[in-house]
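# Per-entry structural report
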Amino acid sequence: MKESGRKQGALSPCAACKLLRRRCAHDCVFAPYFPADEPQKFASVHKVFGASNVNKMLQELPEHQRSDAVSSIVYEANARVRDPVYGCVGAISSLQQQIDSLQTQLAIAQAEVVHMRMQQYGSSSNPGTVDMVVDQANVGESLWSC
C-alpha cells in the first residue's frame, strides 16, 4: 500500500483531507499525491478545479497515470492562479514571443557576421567589390516566417 502522503506511524491526513476538513481514509485517492507537508499544492488545485472534479478525474485514470495527471493538474492550477484568463496558454505565448524575438536577433547577428566577413574579404582581395547591404527590419520575417 502507498503511504507517501502520510507520516510513518501516525495517520496524518493528506493536504486534501486537511483542507476539506474530513477524515483521511486509508484508501484516500488524494493521499499519495497531496502530502500533508504541501498544503498549497492541493489548495490551488481545489480553488481552480474543485476537489470533486479532481477526485473524478483521478478515479477514471489507471493508477500508473495518476502521478503524471496530478503534476499536470497542479501546473495548470498554479498557472490559472497567476493568470486567471490565459493560464498555461499565457505562459506558452510569452515564451513563443521570446523565441521569435531571439530568432530575429540571431538572424540579424548572423547577417552582421556575414557582412563583416564580406567587408574583410573585399578589402583584402579585391578593393573594387560592392558591400552587401542587410535590411535589418525585415531579416527576421524573411528567415523565420512560417
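Worth saying up front: this structure is predicted, and the values here are computed from it rather than measured.

### Structural notes on the overall build of the protein chain
Within the protein chain, the secondary structure is distributed over six helices and zero strands. The helix and strand sequence of the protein chain, counted from the amino end, reads α-α-α-α-α-α. Taking all 146 residues of the protein chain together, the buried fraction comes to 27%. In the protein chain, the share of contacts with a sequence separation of at least 24, taken over all contacts with a separation of at least 6, comes to 48%. With the model as given, the accessible surface of the protein chain reaches about 10,400 Å², and the carbon-plus-sulfur share is 55%.

### Quick look at the packing of aromatic side chains
Going through the model one piece at a time under the given rule, you end up with three aromatic pairs. Among the aromatic residues, those joined into a ring-pair cluster are F30, F34 and F42.

### A look at the UniProt feature "coiled-coil region" (unreviewed entry) in the protein chain
Mapped onto the present numbering, the UniProt feature "coiled-coil region" (unreviewed entry) falls at residues 92–119. Helix makes up 100% of residues 92–119 and strand 0%, with an end-to-end C-alpha separation of 40 Å.

### Observations concerning the side chain of R66
Tracing the backbone through its elements, the reader meets R66 in helix α4 (residues 63–82). The side chain of R66 is buried and forms no salt bridge, while E63, the nearest opposite charge, is found at 4.6 Å.

### Here's the deal with the pattern of salt bridges
Scanning all chains against the criterion turns up two salt bridges. Where E38 meets K41, a salt bridge forms, and the shortest distance between an N and an O atom there is 3.6 Å. We classify E38 as partly exposed; its relative accessible area is 35%. Taking the shortest distance from any N to any O, the salt bridge between R80 and E76 comes out at 2.9 Å. Linking R80 with E76, this pair stays in helix α4, spanning four residues, or about one helical turn.

### Comments concerning the environment of A51
Note on placement: A51 falls in helix α3 (residues 51–60). Remark: the alpha-carbon pair of A51 and A16, spanning 35 residues in sequence, is separated by 7.9 Å. If sequence neighbours within four positions are ignored, A51 has contacts with L20, F30, F42 and H46.

### What to know about α3
Within α3, the full set of buried residues consists of A51, V54 and L58. Summarising the axial view, the buried residues of α3 lie within an arc of 65°, below the 170-degree limit, and thus occupy one face. Taken together, the buried residues of α3 touch α1 (15–20), α2 (39–49) and α4.

### Considerations on the nonpolar core
The biggest cluster of nonpolar side chains holds 20 residues, and the ones touching the most others in it are C14, C28, F30, F34, F42, V45 and L58. Of all the secondary structure elements, the ones that give two or more residues to this core are α1, α2, α3 and α4. Ranked by residue count, the leading element in this core is α4, at four residues. Aside from chain neighbours lying at most four places away, what touches L58 is V29, F30, Y33, R66 and V70.

### Overview of the packing of α2 against α4
The geometry of a pair of packed helices is captured by two quantities: the angle between their axes and the separation between those axes. Running from amino to carboxyl end, α2 crosses α4 at an angle of 70°, the nearest separation of the two axes being 8 Å. Between α2 and α4, the angle is such that the two are roughly perpendicular. On α4, the residues that touch K41, S44, V45, V48 and F49 of α2 are I73, V74, E76, A77, N78, R80 and V81. Residues belonging to the contact of α2 with α4 are distributed by class as follows: seven nonpolar, two polar and three charged.

Definitions and limits used
- Residues numbered from 1 in each chain as written.
- Predicted model: local features only at pLDDT ≥ 70, side-chain atom pairs only at ≥ 80, totals over all residues.
- Heavy atoms only, no water.
- Helix = DSSP H or I, 4+ residues; strand = E, 2+ residues; numbered from the N terminus.
- Buried < 20%, exposed > 50% of the residue type's maximum accessible area, 1.4 Å probe, protein only.
- Contact = heavy atoms within 4.5 Å.
- Areas by Shrake-Rupley, 256 points an atom, 1.4 Å probe, with all protein chains shown as cover.
- Phe/Tyr/Trp six-rings, centres within 6.5 Å; stacked < 30°, edge-to-face > 60°.
- UniProt positions renumbered as here; feature names shortened; annotations may be inferred.
- Lys, Arg positive; Asp, Glu negative; His and termini not counted.
- Salt bridge = Lys/Arg side-chain N within 4 Å of Asp/Glu carboxyl O.
- Arc of directions from axis to C-beta.
- Core = buried A, V, L, I, M, F, W, Y, C linked by side-chain atoms within 4.5 Å.
- Axes fitted to C-alpha atoms, helices over the stretch in contact; angles between N-to-C directions.
- Parallel < 35°, antiparallel > 145°, perpendicular 65-115°, else oblique.
- Nonpolar A, V, L, I, M, F, W, Y, C, P; charged D, E, K, R; others polar.

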